[in-house]
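Spelled out from the first residue to the last, the chains are:
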Amino acid sequence: TVLDVYYNQLSELPTQLGRMKRLEQLAVSYNNLSELPKSLARLRRLNVLYAHHNRISKLPDDFKRLERLSVLDLGYN
């Protein structure tokens, strides 16, 4: 239910993350991400997303479907 990929110098996330139906917490901070894949909007159980210290300037419109998301940290992007 938790995936933590802090400090991995990732420049993109695989779209297959959207298949992780039980994922509740995703931590992708301290990478080189400029965007998050639209497929993350399929994660209906996701309630925490840490994506601080990246290069993200915009979230996909589909993120409004993440109704359980209660923590979204996008600081230092």
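All figures in this text were calculated on a predicted structure; none of them were measured in a lab.

Undergrad: I'd like a rundown of the overall build of the protein, residues and numbers included.
TA: Each helix and strand in the protein was counted, giving zero helices and four strands. Taken from the N to the C terminus, the helices and strands of the protein come in the order β-β-β-β. What you see for the protein is a C-alpha radius of gyration of 11 Å, in line with the 11 Å of a compact globule of 77 residues. For the protein, the spread of C-alpha atoms along the three principal axes comes to 25 × 20 × 20 Å. Sorting the 77 residues of the protein into buried and exposed places 35% on the buried side. When contacts within the protein are restricted to residue pairs at least 6 apart in sequence, long-range pairs at least 24 apart make up 25% of them. By element, 43% of the accessible surface of the protein is carried by carbon and sulfur atoms, the whole surface being about 5,100 Å². Across the protein, 12 positive and 8 negative side-chain charges occur, with their mean positions spaced 7 Å apart.

Undergrad: Summarise the packing of aromatic side chains; cite the residues concerned and give the values.
TA: Scanning the model with the defined rule gives three aromatic pairs in all. Pairing Y6 with Y7 gives two aromatic rings, centres 6.4 Å apart and planes at 35°, and the pair type is tilted. Residues Y7 and Y30 carry aromatic rings whose centres are separated by 4.4 Å and whose planes lie at 10° to one another, so their mutual orientation is stacked. Here Y7 is found in the loop between β1 (2-4) and β2 (25-27), whereas its partner Y30 is found in the loop between β2 and β3 (48-50), with 23 residues between them in sequence. Residue class for Y30 comes out partly exposed when judged on its relative accessible area of 29%. Through a chain of ring-to-ring contacts, the aromatic side chains of Y6, Y7 and Y30 assemble into a single cluster.

Undergrad: So what's going on with the pattern of salt bridges? Which residues, and what values?
TA: Throughout the structure, instances matching the rule amount to one salt bridge. Across the pair R65 and D62 runs a salt bridge, and its minimum N-O distance is 3.3 Å. Using a relative accessible area of 29% as the deciding quantity, one classes D62 as partly exposed.

Reading the values: the criteria
Residues numbered from 1 in each chain as written. Predicted model: local features only at pLDDT ≥ 70, side-chain atom pairs only at ≥ 80, totals over all residues. Heavy atoms only, no water. Helix = DSSP H or I, 4+ residues; strand = E, 2+ residues; numbered from the N terminus. Rg over C-alpha atoms; globule rule 2.2 N^0.38 Å. Buried < 20%, exposed > 50% of the residue type's maximum accessible area, 1.4 Å probe, protein only. Contact = heavy atoms within 4.5 Å. Areas by Shrake-Rupley, 256 points an atom, 1.4 Å probe, with all protein chains shown as cover. Lys, Arg positive; Asp, Glu negative; His and termini not counted. Charge placed at Lys NZ, Arg CZ, Asp CG, Glu CD. Phe/Tyr/Trp six-rings, centres within 6.5 Å; stacked < 30°, edge-to-face > 60°. Salt bridge = Lys/Arg side-chain N within 4 Å of Asp/Glu carboxyl O.

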